[in-house]
Amino acid sequence: AQSMVKDFLAGLFILVEDQYGVGDVIEVGEVIGTVEGISLRSTRVRDVEGTVWHIANGETTHIGNHSQLWSNCVIDVDVAYDTDVRKAMTVLDEVADSMWRESTGGESGVIIADPIVQGVQALGESAVTLRLVVKTDPVSQWQVQRELRLRIKEAFDENDITIPFPQRTVRVVTDQPNKWDELGGA
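Each residue is numbered by its place in its chain's sequence as written, counting from 1. Since the coordinates come from a predicted model, pLDDT governs what is reported: local features require at least 70, and pairs of side-chain atoms require 80 or more to be given and counted, while whole-chain, interface and lining totals use all residues. To obtain the side-chain values, all non-hydrogen atoms of the structure were used and water was disregarded.

Asker: Just to check I follow, could you spell out the pairing of strand β3 (residues 42–47) for this structure?
Answerer: Each regular strand displays side chains that alternate between the two surfaces of the sheet. Any two strands are treated as partners once DSSP identifies two or more bridges connecting them. Counting from the N terminus, the helices are DSSP H or I runs at least four residues long and the strands are E runs at least two residues long. Note that strand β2 (residues 31–38) and β3 share five bridges and pair antiparallel. Note that in β3 the partner of I38 across the bridge is T43. Judged from the five bridges that link them, β3 and strand β4 (residues 52–56) form a sheet pairing that is antiparallel. Following the sheet pairing, R46 is matched in β4 by V52. In this structure, the hairpin formed by β3 and β4 is closed by a connection of four residues, where G50 is found at a positive phi of approximately 95°.

Asker: Sorry, what's going on with helix α1 (residues 2–16) here?
Answerer: Helical geometry note: an α-helix holds 3.6 residues per turn, so side chains three or four residues apart project in the same direction. Expected span, for any helix, means 1.5 Å times one less than how many residues it has. With 15 residues, α1 extends 21 Å from end C-alpha to end C-alpha; this agrees with the ideal 21 Å at 1.5 Å per step. Those residues of α1 lying buried are D7, A10, G11 and I14. An end-on view of α1 places all buried positions within 105° of arc, on one side of the element. Turned more than 90 degrees away from the buried face of α1, the exposed residues are Q2 and V16. Looking at the buried residues of α1, the elements they touch are β2 and β4. Positive backbone phi, approximately 50°, marks D18, located one or two places after α1. A 1.4 Å probe rolled over the protein chains alone gives each residue an accessible area, and that area as a share of the maximum for its type sets the label: buried under 20%, exposed over 50%, partly exposed in between. The directions from the helix axis to the C-beta atoms form the arc being described. By definition in these notes, contact holds between two residues if any of their heavy atoms fall within 4.5 Å.

Asker: What should I look at first to understand the nonpolar core in this one?
Answerer: Generally speaking, a soluble globular protein has its nonpolar side chains buried in company with each other. For our purposes a nonpolar core is just a set of buried Ala, Val, Leu, Ile, Met, Phe, Trp, Tyr and Cys residues, chained together by side-chain atoms within 4.5 Å. Of all hydrophobic cores here, the largest spans 22 residues; its most connected members are L92, L132, L148, I152 and F156. Elements that contribute at least two residues to this core include exactly β6 (71–79), α2 (85–105), β8 (128–136) and α3 (141–158). The greatest single-element share of this core, amounting to six residues, is contributed by α2. What L132 contacts, discounting residues up to four positions off in sequence, is C73, V74, I75, L92, A96, P115, I116, V117, L148 and I152. Formed by eight residues, the second largest nonpolar core is a distinct cluster that contains Y20, I26, V31 and V45.

Right under this line is the structure:
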């Protein structure tokens, strides 16, 4: 009975505080999906694979709502170390600005603010990672990410900017003399 009262009170607060509603995309623990129903006792969520999750309202301590107000589309793009990083950042900015202009001129209007190339996010083993952040309408961030990644790939290809793959240089060190050196080398 105690858990039912806990579920009931949590459900009441979810509804009164408008934490999420039917149709919102939420994240509860490991579950990310669309809310299909809310009762005072539980919330029904369908994930991207079609699995329906029934979550007791009293068991939800942390809920992320991807559907309220606005979302951020965050794209990290790797470029090779020999790339002109400033040129790559300029190309990223041009691609994002072009898509933003299209969005503001059309009916979709899913990009709601000027995209920002934040710069170098990381210096990895095989690549320099650049970060682009785009503010979108709620739940539009995933479609914007897919379209931007396609456009970035095409623009990088046009500008001869390489998206690298992991590479390793192997150096073998031994205590024995190199046979090649004994033969006169190159």
